[in-house]
Amino acid sequence: MVGESDVDIGSATPGDMAELVGVLGDAEMFADQLRRQAEGLGQLLVAWVGGLAVGVVYLRWEPADEPEIRRHLHAVPLLRHLEVHPEWRKRGVGSRLLREAEARLAGRGFRRVALGVAPDNFPAISLYRKQGYEKWPQPDVKTAIDEFSVMVKDLRR
Ligand SMILES: CC(C)(COP(=O)(O)OP(=O)(O)OC[C@H]1O[C@@H](n2cnc3c(N)ncnc32)[C@H](O)[C@@H]1OP(=O)(O)O)[C@@H](O)C(=O)NCCC(=O)NCCS
């Protein structure tokens with residue numbers, strides 16, 4: 001476990017791009033998330049340990065791309081792309097990022113939060129269940145490129 005006080009979680013800034021891309025890759029995705037953050041459509045959170053970016057999660061509160069999510073989870077924000085660097089996994093960083101994301105969303109007045117997860121991503125599903133997320137009653141969502149289960153948490157509990 002990484003001690004609570006050893007992990008700092010904060011909003012990403014454009015100046016963090018080089019570190020994020022260097023550690024976690026995907027320049028295009030981070031550029032897109034930072035652009036959306038600048039437009040007030042979401043927030044990219046970064047977990048830092050001693051100046052190293054070790055994990056990220058994107059909080060998205062613009063309407064979902066998938067029509068069934070817009071229909072069944074109207075105005076419910078989504079957590080996207082939770083990722084912890086492989087060398088820092090299984091030490092509580094993913095749980096910390098989730099808790100911080102939930103606290104920030106609750107602070108913005110949201111009552112629920114949702115996310116999509118591949119049905120065979122057992123580490124992630126185990127983490128989400130442990131943190132109180134439940135699979136929604138609708139079928140898994142199929143898109144042109146993948147299929148995922150939707151999990152939802154009530155932030156008021
Ligand atoms: C999923 C992920 C974010 C978890 O991050 P993490 O920092 O390792 O998670 P934590 O250390 O906070 O783990 C908390 C709980 O999650 C579950 N978990 C995490 N990794 C696991 C693994 N490899 N196998 C089984 N359960 C696992 C366990 O229940 C764990 O509790 P425990 O430590 O008491 O057993 C990380 O594995 C990751 O980045 N995976 C690749 C990207 C990804 O799949 N993201 C999710 C997209 S939906």
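Just above, that's the structure.
Residues numbered from 1 in each chain as written. Predicted model: local features only at pLDDT ≥ 70, side-chain atom pairs only at ≥ 80, totals over all residues. Heavy atoms only, no water.

## Topic: the site of the ligand
- The ligand sits among 19 residues. The nearest are K90, S95, N121, S126 and K130.
- Taking G94, its main chain carries an N or O atom lying 2.7 Å from an oxygen atom of the ligand.
- Bound to the protein, the ligand loses 73% of the 920 Å² it would expose on its own.
- When contributions to the shell around the ligand are tallied by element, the ones reaching two or more residues are strand 4 (78-84), helix 4 (93-107), strand 5 (112-117) and helix 5 (122-130).
- In terms of residue count, the dominant contributor to the shell around the ligand is helix 5 (6 residues).
- Of the residues belonging to the shell around the ligand, the class tally is 8 nonpolar, 6 polar and 5 charged. (Near = heavy atom within 4 Å. Polar contact = N/O pair within 3.5 Å; in protein donor to acceptor, adjacent residues only side chain to side chain. Areas by Shrake-Rupley, 256 points an atom, 1.4 Å probe, with all protein chains shown as cover. Helix = DSSP H or I, 4+ residues; strand = E, 2+ residues; numbered from the N terminus. Nonpolar A, V, L, I, M, F, W, Y, C, P; charged D, E, K, R; others polar.)

## Some thoughts on unusual backbone geometry
- Phi at D26 is positive, roughly 55°, even though this residue is not glycine.
- The residue D26 is located in the loop between helix 1 (17-24) and helix 2 (27-38) in this model.
- We note that A75 has phi near 65°; this positive angle belongs to a residue other than glycine.
- Within the secondary structure, A75 sits in the loop between helix 3 (67-72) and strand 4.

## Focus on the packing of aromatic side chains
- Under the criterion given, the structure shown has 1 aromatic pair.
- Ring geometry for Y128 and Y133: centres 5.7 Å apart, planes at 55°, overall tilted.
- It is R91 that lies over the ring of W88; its NZ or CZ is 4.4 Å from the centre. (Phe/Tyr/Trp six-rings, centres within 6.5 Å; stacked < 30°, edge-to-face > 60°. Lys NZ or Arg CZ within 6 Å of the ring centre and 35° of its normal.)

## Some points on the nonpolar core
- Among the nonpolar cores identified, the biggest contains 28 residues, and L59, L79, L97, Y128 and Y133 are the most heavily contacted of them.
- Breaking this core down by element, the ones donating at least two residues are strand 1 (7-11), strand 2 (42-49), strand 3 (52-60), strand 4, helix 4, strand 5 and helix 5.
- Those residues in contact with L59, other than ones at most four positions away along the chain, are L41, G42, Q43, L45, L78, L79, A101, R104 and L105.
- By size, the runner-up hydrophobic cluster in this structure holds 12 residues, among which are A12, V46, W48 and Y58. (Core = buried A, V, L, I, M, F, W, Y, C linked by side-chain atoms within 4.5 Å. Buried < 20%, exposed > 50% of the residue type's maximum accessible area, 1.4 Å probe, protein only. Contact = heavy atoms within 4.5 Å.)

## Notes on the side chain of R60
- Within the secondary structure, R60 is located in strand 3.
- R60 gets classed as buried once you look at its relative accessible area, which sits at 5%.
- Within the structure, the side chain of R60 is placed 2.6 Å from the backbone oxygen of P63, a separation counted as a polar contact.
- Looking at R60, its side chain comes within polar contact range of the side chain of D65, at 3.3 Å.
- When sequence neighbours within four positions are dropped, the list of residues in contact with R60 reads R36, L41, G42, D65, P77, L78 and R80.

## So, the environment of L34
- With respect to the element layout, L34 can be found in helix 2.
- Residue L34 is classed as buried on the basis of its relative accessible area, which comes to 11%.
- For the pair L34 and P14, spaced 20 residues apart in sequence, the C-alpha separation works out to 6.9 Å.
- Not counting chain neighbours up to four residues away, the residues in contact with L34 comprise A12, T13, P14, M17 and L44.

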